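Structure at a glance
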Amino acid sequence: MSLYGDYDPQNIFAQIIRGDAPCFRIYEDDDVLAFLDLFPQSFGHTLVIPKRATARNLLEIEPDTLCTLALAVQKVARVVVDELKPDGVQLMQFNGAPGGQTVFHIHMHIVPRYADQGLGNHAQGKADPAELERLAVRLRQRFDAPA
Ligand code: 5GP
């Protein structure tokens, strides 16, 4: 799919927002949802998406929504880093299939990086659901805890 075209309300992230498909949620408010990637590139690979936007990519998103998304990414990344103690963290965002995008609802990747590990070597393909659930509970508790 190119950079241009219509938003498909049946894309998997739209289904997750509507509650029509499951996710391992770690944070949610009125504007954004953060959940674990099913095919993690590293331990703690998290996706953050705007809930009310029908933008497929960075070029389409409203500036205010982008600001809200960026602030949420920082909030979630801080918790992920504080809890998992990676040695680094990558933020990634892809636009159009040739740009690496596979799901056409704008999203940001938070990818913790560990000094002794490359990308994609944590899980071969789809992660173990039980492990994702344990991790989601662990991270979610950090948001639920009183400040
Ligand atoms: P993109 O390549 O579009 O930037 O990233 C899409 C991401 O969504 C990929 O990292 C992929 O592993 C992830 N993904 C695809 N389908 C699902 C799904 O059903 N649930 C979750 N949690 N992640 C998904």
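Everything below is about the structure shown above.
Conventions we followed
- Residues numbered from 1 in each chain as written.
- Predicted model: local features only at pLDDT ≥ 70, side-chain atom pairs only at ≥ 80, totals over all residues.
- Heavy atoms only, no water.
- Near = heavy atom within 4 Å.
- Polar contact = N/O pair within 3.5 Å; in protein donor to acceptor, adjacent residues only side chain to side chain.
- Helix = DSSP H or I, 4+ residues; strand = E, 2+ residues; numbered from the N terminus.
- Nonpolar A, V, L, I, M, F, W, Y, C, P; charged D, E, K, R; others polar.
- Buried < 20%, exposed > 50% of the residue type's maximum accessible area, 1.4 Å probe, protein only.
- Axes fitted to C-alpha atoms, helices over the stretch in contact; angles between N-to-C directions.
- Left-handed = near helix turned anticlockwise from the far one by under 90°.
- Contact = heavy atoms within 4.5 Å.
- Pairing = 2+ DSSP bridges.
- Expected span 1.5 Å × (residues − 1).

It is worth spelling out the site of the ligand at this point. The ligand sits among 15 residues. The nearest are D37, G100, T102, H107 and H109. Within the backbone of L38, an N or O atom sits 3.4 Å from a nitrogen atom of the ligand. One of the backbone nitrogen or oxygen atoms of T102 is found 2.7 Å away from an oxygen atom of the ligand. Within the residue set of the shell around the ligand, elements represented by two or more residues are α1 (12-18) and β2 (32-36). Residue composition of the shell around the ligand, by class: nine nonpolar, five polar and one charged.

Next up on the list: the side chain of N11. Mapped onto the secondary structure, N11 falls in the segment before α1. Residue classification places N11 among the buried residues on the basis of a relative accessible area of 8%. A polar side-chain atom of N11 sits 3.2 Å from a polar atom in the side chain of Y7. Within the structure, N11 has its side chain in polar contact with the backbone nitrogen of F13 (distance 3.0 Å).

Okay, the packing of helix α2 (residues 63-84) against helix α3 (residues 129-144) next. Packing of α2 against α3 brings their axes to within 10 Å, and their N-to-C directions diverge by 115°. In terms of crossing hand, the pair formed by α2 and α3 is right-handed. Seen from α2, the contacting residues are K75, V76, V79, V80, D82, E83 and L84; seen from α3, they are L135, R138, L139, R142 and F143.

The next subject is the sheet that holds strand β1 (residues 25-28). Strand order in the open sheet made by the five strands is β1-β2-β3-β5-β4, with antiparallel pairing throughout. Looking at the sheet topology across the chains shown, the edges are occupied by β1 and β4 (88-92). If you compare each strand with its neighbour and ignore which way they point, the axes differ by 20° on average. Two elements, β4 and strand β5 (residues 108-113), share five bridges in a ladder whose sense is antiparallel.

Once that is clear, we can look at α2. Over its 22 residues, α2 extends 31 Å from the first C-alpha to the last, a length consistent with the 32 Å expected when each residue adds 1.5 Å. Buried-residue contacts for α2 involve β1, β2, β3 (46-50), β4, β5 and α3. Note on α2: the residue one or two positions beyond its end, K85, has a positive phi of about 50°.

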